[in-house]
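If you want the building blocks of each chain, they are given just below.
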Amino acid sequence: MENPKIAIVLGATCAGCDYSLLDLPPEVLLDVLGKVEIVYWPTATDFKLEDLKAVPDGEIALTLYEGAVNNEENEELARISRQKSQNLLAFGACSCFGGLPGLANVTTREGLFRQAYLDAPSNESNGVTPLRVSTVDGHELTIPDTFDTVRALHQVVPVDYYLPGCPPPLDLIGEALTALVTGDLPPKGHVFGSSKSLCDECDRRKESKSIHELHGIHELIPDEEKCLLEQGILCLGPATRGGCGYPCVKMNLRCWGCMGPTPESIDQGANMLSALASVLGLDRETDLTDEAIEVLMKQVKDPLGFFYRFTMPTSLLKRAVRRNQ
Amino acid sequence: MRIGFYICHCGINIANTVDIEEVMKFASQLDGVVVAKDYRYMCSDPGQDLIEEDIKSLNLTRVVVAACSPRMHESTFRAACEEAGLNPYLFQMANIREMVSWTTDDKEAGTEKAKRLVAAAIRRVVLHEPLEARRESVAQAVLVVGGGIAGIEASLRLADSGKKVYLVEREPSIGGHMAQLDKTFPTLDCSACILTPKMVEVGSHENIELLAYSEVKDVSGHVGDFRIKITKKPGYVNASKCVGCGVCTEKCPVKVPSEFDMGLGVRKAIYVPFPQAVPLLYTIDRDSCWYFQKGTCRICERFCDVGAVDFDQKEEIIEIQVGAIIVATGYDVFDASKITPLGYGHLDNVITSLEFERIINSSGPSGGEISLKDGTAPTSVAILHCVGSRDENWNRYCSRVCCMYSMKFAHLVRERIPEAKIYELYIDIRAAGKGYEEFYNRVLDEDVTFIRGRGAQVTRLATNSEEEGKLVVVCEDTLLGIPRRIPVDMVILSVGLEPQKDAAGVARMFKLSCSDEGFFLEKHPKLAPVATATPGLYLAGACQGPKDIPDVVAHASAAAAEAMAMLDRGYVVLEPEKAVISEETCSGCRICLDLCPFDAINFDEEQNIAVVEEVGCDGCGVCVSACPSSAIVLRGYTDEEILAEVEGVLA
Ligand SMILES: Cc1cc2nc3c(=O)[nH]c(=O)nc-3n(C[C@H](O)[C@H](O)[C@H](O)COP(=O)(O)OP(=O)(O)OC[C@H]3O[C@@H](n4cnc5c(N)ncnc54)[C@H](O)[C@@H]3O)c2cc1C
Ligand code: SF4
Ligand code: SF4
Ligand code: SF4
């Protein structure tokens, strides 16, 4: 029997997901590589888009699409991936929820360009923003057009599996690839990860979530045994799907939420915001004035970047409201 | 899905501002709607029949009624559905009266909003699941908290009807403020004479368990089955042995100011607050007893013939189960020293009304003699109304009893010192009550000078010889439009009624709400003045707001009647709209644990998940919105149902 074909496709990604593939323990990686045929993986070797297009429709057993969908090229790749594959897996937080690129949804394409190429203090673009078509040495060059709204993969094409994380946890990648080579794929729609939030696996001591002071991780050295949130550190673990093995929390860093919402949640950011608002200042709740509540909540620096770091495009918010000019 | 839609005209209440025809046409085109009808009064019998017949003949699986607030008639229509064999929770109401027609005169806008609310209800009802209400039996006992006249009255009414009552009073004796009063307006009966028999009855009633010198420590459970923990503070005298002879008090060497006499008299370290106390049980006050403070004395123990003194007595925790609770914790008086210009606390012979009640009382510290600090009788007295009441700086409300008791004071002073000059400084005279205006007229005839104006200042600084050595009350006489200075010997400050200092804590323990002023909040200001938002929890007396004794007694009797009715019915219906935690999703993060206002969430350490105790859950939804894993669902209010509603409104 032929080895199943796989493809690894890159959308709006930093390619960090690729690196975790290579980080797989050698025995797993070599075992899997020996049992599959890679038909497309531009990061590893010199594949061209034509190579992917050349594969007959539906021939690829599993395509891992990493990155969000942010421009015309991403969208084209997403559609081709879907067309060529029996199974399409959203690989990594950007592909599953929009991820970090998804934060661009706070503005429009123009706003994004303005910030990135004109207003940011570090840029050297001399007032030039990307043009779809430009002429260089008499040659007309085109680049893919950037969209106004960043989308997750399933907002563009139907997706069969999800493997979140930024980057995706090694164990879960191993689980997905092993499932493929053993022909034992889970039911469609499956999300690799735990069905509970991170707190379920986190072994820190949990007592009472009634807190009033919040601290950045640079402001104190947390007790390594005690729940971070109970120490006033904004750990997103309670609102985040577990299964990652909580490497951040083990390192005394907070959970950033890259595994996305838990199965029943429709909005990770809203869930965490609501949870935090429920417990912050709880012990003197009845005496709190509106102003005092505002002072408490203002302790959250960069609320959007905290609550919606990885999930803006798939949240209830999706994007900032576009005002009609 | 076969949805029946019904819209009510509510006479002209809705029909005037909502185009009924148009809404009906709109609804009939929505997904799943098989019949749309209107009627003048949907809640009437023919209106309900319309629904019942359609359920049967058209096999409706869902019903939506667009009418008034669900608070008014949700139960009516649910019952109609049930009557016709449809699960009552497969019904949804759209409120197009309170939320539409009563908010606008613009028929176009009203019709548009009504359509949106109707669309929301129809989209939502599709997702409804059949639910079952539960019936639970009711414990045949009532807890009454506070033994003032309110608590006494409520306890007696209940006990007389054969109900078991636990009356918890934190002081050593019941009686409350009424026990401190001398005569009561407007009839001038002696307060003790009418109160003492009731107190004695409480003490000896076979159905009343009086827990004096005790406090409620913890409340859990729900209507029909409240679990209460009560702390019985040690009084160091064995109740079953003490015969009330009082020899201990006589021999005790320690003298401290008496709280009952407002600090004007003294009591001993072992004492009863006043001779008519119920229970007549002597109590050692640890804070002043030499034995507890210095390690030696025990004189009382030596003199007690029956060996009732017991220095080893310990705090006792009593656990009881009751079906209903009546909170009757009463009021506190405004602290007059807060208004510095009135001189209370730094000028001699400026006293509060409650102090005056003790002074004028023949069993009080001065034996009823009105005298000044130097022992002489005053020749002139000013009574200042509204101290701390009707005042933007303090309490904005009227304390309701002060005008009347102030005029009672004028009468009592006139009785004792016939030649005295008496001044009443008032803003308005509020004498609304049976026989009150008559009492006012009577006092007007007793040569009392009424000055319309708030007493602004009391000073010793004389500006002429007439004022020399006197207290000068400065005020504006608003009838004459001139400032006045009134020299007198004695000033009585008619302090207002305030919530007890610990009212917020008591509210938290019993899950009561407080109004802006801090008094406990009734369920409805007109139609449910003794019930609260928590089923099975009732209010009696001045803890709900300032009241005089007749009103307190009526209020307390009403609370007793409501509790009695609930107990007599024998069961309570527990609505199914409760929170449920999914075992598969709960991660044991513990965020919900401290949040439940009804303490209905427990933690299962073994499974590492939180669990809602269904009967304790009130369905408030606090935990649901807090759970960061969305592991908690409130039956009847799922995310999907709410989103469907939102989509309906926005569609
Ligand atoms: C100066 C003055 C004169 C007045 N004269 C008259 C008059 O002539 N005629 C008239 O009709 N009205 C008069 N009133 C009003 C009258 O005092 C009240 O209407 C009445 O006393 C209110 O009764 P109550 O039982 O609601 O409260 P209270 O008398 O305050 O009783 C409350 C009881 O609850 C107890 N308690 C409080 N908290 C707790 C707790 N947490 N646990 C257990 N026990 C607790 C208290 O110790 C107290 O025994 C006068 C008021 C004042 C201030
Ligand atoms: S909040 Fe963070 S630190 Fe606390 S238990 Fe959950 S994952 Fe662990
Ligand atoms: S908040 Fe949610 S996840 Fe956390 S313990 Fe409670 S039910 Fe479980
Ligand atoms: S809904 Fe939740 S917070 Fe509210 S009473 Fe029920 S268990 Fe408690």
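Residues numbered from 1 in each chain as written. Chains lettered and ligands numbered in written order. Predicted model: local features only at pLDDT ≥ 70, side-chain atom pairs only at ≥ 80, totals over all residues. Heavy atoms only, no water.

Thoughts on the overall build of chain A
Part 1: The helix and strand tally for chain A stands at 11 helices and nine strands.
Part 2: With 325 residues in all, chain A has 47% of them scored as buried. (Helix = DSSP H or I, 4+ residues; strand = E, 2+ residues; numbered from the N terminus. Buried < 20%, exposed > 50% of the residue type's maximum accessible area, 1.4 Å probe, protein only.)

Details of the sheet that holds strand E3 (residues 60-66) of chain A
Within a sheet, adjacent strands bond to each other through the backbone by hydrogen bonds, running parallel or antiparallel.
All names here are of chain A.
Part 1: Spatially, the five strands line up as an open sheet ordered E2-E1-E3-E5-E9, and their pairing is parallel. With partners counted over all chains shown, the strands left at the sheet margins are strand E2 (37-40) and strand E9 (161-163), one partner each. Strand after strand, the sheet turns through a mean of 25° between neighbouring axes, direction not considered.
Part 2: Where strand E1 (residues 5-10) and E3 come together, five bridges link them in parallel fashion. When the sheet's bridge partners are listed, Ile6 is paired in E3 with Leu62. (Pairing = 2+ DSSP bridges. Axes fitted to C-alpha atoms, helices over the stretch in contact; angles between N-to-C directions.)

A look at the sheet that holds strand E21 (residues 380-387) of chain B
All names here are of chain B.
Part 1: Taken in spatial order, the five strands of this open sheet run E20-E27-E21-E22-E23, and their pairing is parallel. Of all strands in the sheet, those with a lone pairing partner are strand E20 (350-352) and strand E23 (449-452), marking the two edges. In this sheet, adjacent strand axes meet at a mean angle of 20° when their direction is disregarded.
Part 2: Sheet topology note: the E21/strand E22 (residues 421-426) ladder contains five bridges and is parallel.

A word on the nonpolar core
Part 1: Grouped together as the largest cluster of nonpolar side chains are 60 residues, with contacts concentrated most on B:Leu384, B:Leu425, B:Val458, B:Val473 and B:Val491.
Part 2: In this structure, B:Leu425 is in contact with B:Ala382, B:Ile383, B:Leu384, B:His385, B:Ile451, B:Gly453, B:Gly455, B:Val473, B:Cys475 and B:Ile486, ignoring residues within four places of it in sequence.
Part 3: By size, the runner-up hydrophobic cluster in this structure holds 48 residues, among which are A:Ile6, A:Tyr40, A:Cys96 and A:Met259. (Core = buried A, V, L, I, M, F, W, Y, C linked by side-chain atoms within 4.5 Å. Contact = heavy atoms within 4.5 Å.)

Focus on the state of the cysteines
Here, disulfide denotes a covalent bond that connects the sulfur atoms of two cysteines.
Residues and elements named next belong to chain B.
Part 1: All chains considered together, the criterion is met by one disulfide over all chains.
Part 2: Left without a disulfide partner, Cys245 is nearest to the cysteine sulfur of Cys304, which lies 6.2 Å away.
Part 3: Of all cysteine sulfurs in the structure, the one in Cys289 sits closest to Cys297, which takes part in no disulfide; the separation is 6.2 Å. (Disulfide = S-S within 2.5 Å.)

Topic: a negative patch on the surface
Part 1: On the surface, A:Glu264, B:Glu583, B:Glu584, B:Asp639 and B:Glu640 cluster together to form a negatively charged patch.
Part 2: Inspection of the secondary structure assignment puts A:Glu264 in the loop between helix H8 (247-250) and helix H9 (268-279).
Part 3: The exposure class of A:Glu264 is partly exposed, given its relative accessible area of 46%. (Patch = residues over 30% accessible without salt bridge, like charges linked within 9 Å, V, L, I, M, F, W, Y side chains within 5 Å. Areas by Shrake-Rupley, 256 points an atom, 1.4 Å probe, with all protein chains shown as cover. Salt bridge = Lys/Arg side-chain N within 4 Å of Asp/Glu carboxyl O. Lys, Arg positive; Asp, Glu negative; His and termini not counted. Charge placed at Lys NZ, Arg CZ, Asp CG, Glu CD.)

Quick notes on the pattern of salt bridges
All names here are of chain B.
Part 1: Taken as a whole and judged by the stated rule, the model has 56 salt bridges over all chains.
Part 2: Residue Arg124 is joined to Glu645 by a salt bridge in which the shortest nitrogen-to-oxygen separation is 2.8 Å. In this pair, Arg124 sits in helix H4 (residues 107-126) while Glu645 sits in helix H16 (residues 639-650), placing the two residues 521 residues apart along the sequence.
Part 3: With a relative accessible area of 26%, Glu645 lands in the partly exposed category.
Part 4: One salt bridge connects Asp160 with Arg157, and the closest N-O pair in it is separated by 3.2 Å. Highlighted residues: Asp160 and Arg157, both in helix H5 (residues 149-160), separated by three residues, approximately one helical turn.

Some thoughts on the environment of B:Leu195
Residues and elements named next belong to chain B.
Part 1: Relative to the assigned elements, Leu195 resides in helix H6 (residues 191-204).
Part 2: Under the relative-accessibility criterion, Leu195 is labelled buried at 2%.
Part 3: Excluding residues within four positions of it along the chain, Leu195 makes contact with Ile149, Ile152, Gly175, Met178 and Ala179.

Some remarks on the pairing of strand E6 (residues 133-136) of chain A
Residue and element names in this part refer to chain A.
Part 1: As defined by bridge partners, E6 adjoins strand E7 (residues 139-142) across four bridges and the pair is classed as antiparallel. Its bridge partner lying in E7, Val136 is registered against His139.
Part 2: Between E6 and E7, which follow one another and run antiparallel, lie two residues, and Asp137 among them has a positive phi close to 50°.

Considering the interface of chain A and chain B
Part 1: Across the boundary between the two partners, chain A contributes 24 residues, which contact 22 residues of chain B.
Part 2: Looking at the side of chain A facing chain B, the largest losses of area belong to A:Lys196, A:Lys209 and A:Glu264, adding up to 23% of the total buried there.
Part 3: For the pair chain A and chain B, the interface holds zero salt bridges.
Part 4: Where chain A packs against chain B, one counts 12 residue pairs in polar contact (both at pLDDT 80 or more).
Part 5: When the residues that make up the side of chain A that touches chain B are grouped by side-chain class, the tally is eight nonpolar, 10 polar and six charged. (Buried area = accessible area lost by both parts, 1.4 Å probe. Polar contact = N/O pair within 3.5 Å; in protein donor to acceptor, adjacent residues only side chain to side chain. Nonpolar A, V, L, I, M, F, W, Y, C, P; charged D, E, K, R; others polar.)

Side note on the site of ligand 1
Residue and element names in this part refer to chain B.
Part 1: Near ligand 1 you find 37 residues, and of these Glu169, His177, Lys408, Lys547 and Ile549 are the closest.
Part 2: Arg170 places a polar main-chain atom, nitrogen or oxygen, 3.3 Å from a nitrogen atom of ligand 1.
Part 3: The separation between an oxygen atom of ligand 1 and a polar main-chain atom of Phe185 is 2.9 Å.
Part 4: Notes on ligand 1: free accessible area 1000 Å², of which the protein chains cover 97%.
Part 5: When grouped by side-chain class, the residues that make up the shell around ligand 1 number 18 nonpolar, 11 polar and eight charged. (Near = heavy atom within 4 Å.)

Structural notes on the side chain of B:Thr231
Residue and element names in this part refer to chain B.
Part 1: Mapped onto the elements of the fold, Thr231 is located in strand E12 (residues 225-232).
Part 2: On the basis of relative accessible area, Thr231 is assigned to the buried category, the value being 9%.
Part 3: With sequence-adjacent residues up to four places away left out, Thr231 is seen in contact with Tyr213, Ser214, Glu215, Lys217, Glu315, Glu316 and Ile317.

Section: the packing of helix H2 (residues 45-58) of chain B against helix H3 (residues 70-83) of chain B
Two quantities define a packed helix pair, namely the angle between the axes and the distance from one axis to the other.
All names here are of chain B.
Part 1: Viewed as axis vectors pointing N to C, H2 and H3 meet at an angle of 35°, and their least axial separation amounts to 9 Å. Of the two elements, H2 crosses H3, and the hand of that crossing is right-handed. Counting all contacts with H2, which are made through Gln48, Ile51, Glu52 and Ile55, the residues of H3 involved are Thr76, Phe77, Ala80, Cys81 and Glu83.
Part 2: Broken down by class, the residue content of the contact of H2 with H3 amounts to five nonpolar, two polar and two charged. (Left-handed = near helix turned anticlockwise from the far one by under 90°.)

Quick look at a nonpolar patch on the surface
Part 1: Taken together, the side chains of B:Tyr637, B:Ile642, B:Val646 and B:Leu650 make up a nonpolar region of the molecular surface, amounting to roughly 380 Å² of accessible area.
Part 2: Along the chain, the position of B:Val646 falls in helix H16.

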